[in-house]
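# Commentary on secondary and tertiary structure
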Amino acid sequence: MDKTVKKLEIKAIEIRKSIMEIIEYGQSGHTGSDMSCTDILTTLYFQMMNIDPNTPDDPDRDRYIQSKGHAAEALWAVLAEKGFFPKEELKTFYSFGSRLIGHPNNKVEGIEMNTGSLGHGLSLSVGIALAAKKDNKSYHTYTLLGDGELAEGSVWEGAMAAAHYKLDNLTAVIDRNGLQITGKSEEVMGVDPLKEKFEAFGWQVIEIDDGNSIEQLLNSFNTAHEKGKPKMIIAHTTKGKGLSFAENQINWHHKVATEEEFTGAMKSFDSQLEVLKNDI
Ligand SMILES: [Mg+2]
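Note that this is a predicted model, so its numbers are computed, not measured.

Ligation of the magnesium ion by protein atoms is provided by Asp 147 (OD), Asn 177 (OD1) and Leu 179 (O), these donors lying 2.1 to 2.2 Å from the ion. Donor residues for the magnesium ion, ordered by position in the chain, follow D-x29-N-x1-L. In this pair, Asp 147 is assigned in the loop between β2 (141–146) and α5 (153–164) and Leu 179 in strand β4 (residues 179–180), connecting sequence segments 32 residues apart. Asp 147 gets classed as buried once you look at its relative accessible area, which sits at 4%. Relative accessible area serves as the criterion here: at 8%, Leu 179 is assigned to the buried category.

And the structure:
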């Protein structure tokens, strides 16, 4: 297997360990949602995006907007690993006065926008991508949506505008894990056929059957943009990915591991790391 893929797979497991620790420190967190999108974030931050933690305000930096803001622990883990702030600060998660709260906020270096009020991220990203066009800038804008938040009407307004303004400098990813806080997404508010809907809205759509596969994610991000079209990656993920007790379990949307679950998970991640590291 490609060395880049292996290195990213190792990084993703390290991020998963860090997420478990952050939630353990804060005794709160969206465990299932974080694990679902860990591979997407790892691929973006450690391979795709042009960003430098030393110059977080560089006007030419790529932009990332996390519309599913509740998966904040995954983002904190990635930003700390990338060097935007000291890893030591992760221990303050969810404590009084900490910058690291349960949703992304722009007091933290590397965060472009406060998010978490669902359904806004795509429209925010459309504005940022449109600004790049107006300013003749070549930076790319990435955004991550949950599948549960597709029930918000503002997502479809953003989808319409992105195509209207021919934003081929925008890539959106839907973390299609099929679950949301109150149940199965298709039962709460059906959105299928998703691919056909975004295509009808004028998007280039790539659907991958394993959104936790770094290889599939890399291929989809690296697929060239069709001229004048925003790109949508529908990534079929597993909520709680990597945790035997949490995979595809609705009640793990927001839940903290017991001491036993925590220890078991860390052990399992460590043995996966050993295999991968020996193989590289
Ligand atoms: Mg979901």
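All right, on to the environment of Ile 233 then. With respect to the helices, strands and loops of the structure, Ile 233 is situated in strand β7 (residues 231–236). A relative accessible area of 0% means that Ile 233 is categorised as buried. Separated by 28 residues in sequence, Ile 233 and Val 205 place their C-alpha atoms 5.9 Å apart. With residues near it in sequence (within four places) discarded, Ile 233 still touches Thr 171, Ala 172, Val 173, Ile 174, Ile 206, Ile 208, Ser 220 and Phe 221.

Before going further, it helps to spend a moment on the pairing of strand β6 (residues 204–208). A regular strand places its side chains on the two faces of the sheet in alternate fashion. By the criterion of burial, β6 is predominantly enclosed, with four of the five residues buried. Two strands pair when backbone bridges link them, and β6 and β7 are joined in this way by five bridges, in the parallel orientation. Note on β7: the bridge partner recorded for Glu 207 is Ile 234. Crossover β6 to β7 through helix α8 (residues 214–222) is right-handed.

For the rest of this paragraph, the subject is the pattern of salt bridges. Under the defined criterion, the tally for this structure stands at 18 salt bridges. With a shortest N-O distance of 3.3 Å, Arg 176 and Asp 192 are connected by a salt bridge. A residue pair is termed long-range when its members are at least 10 positions apart, and Arg 176 in strand β3 (residues 170–176) and Asp 192 in the loop between α6 (185–188) and α7 (194–200) qualify at 16 residues. Using a relative accessible area of 45% as the deciding quantity, one classes Asp 192 as partly exposed. When the shortest N-O distance is used, the salt bridge between Glu 226 and Lys 229 registers 3.4 Å. One salt-bridge network, in which partners are shared between bridges, spans Asp 147, Arg 176, Glu 186 and Asp 192.

Thresholds applied
Residues numbered from 1 in each chain as written. Predicted model: local features only at pLDDT ≥ 70, side-chain atom pairs only at ≥ 80, totals over all residues. Heavy atoms only, no water. Donors = N, O, S within 2.8 Å, 3.2 Å for Na, K, Ca; no water. Helix = DSSP H or I, 4+ residues; strand = E, 2+ residues; numbered from the N terminus. Buried < 20%, exposed > 50% of the residue type's maximum accessible area, 1.4 Å probe, protein only. Contact = heavy atoms within 4.5 Å. Pairing = 2+ DSSP bridges. Right-handed = clockwise from strand over helix to strand, strands pointing away. Salt bridge = Lys/Arg side-chain N within 4 Å of Asp/Glu carboxyl O.

Honestly, that's just the spatial picture; any functional story needs more than this.
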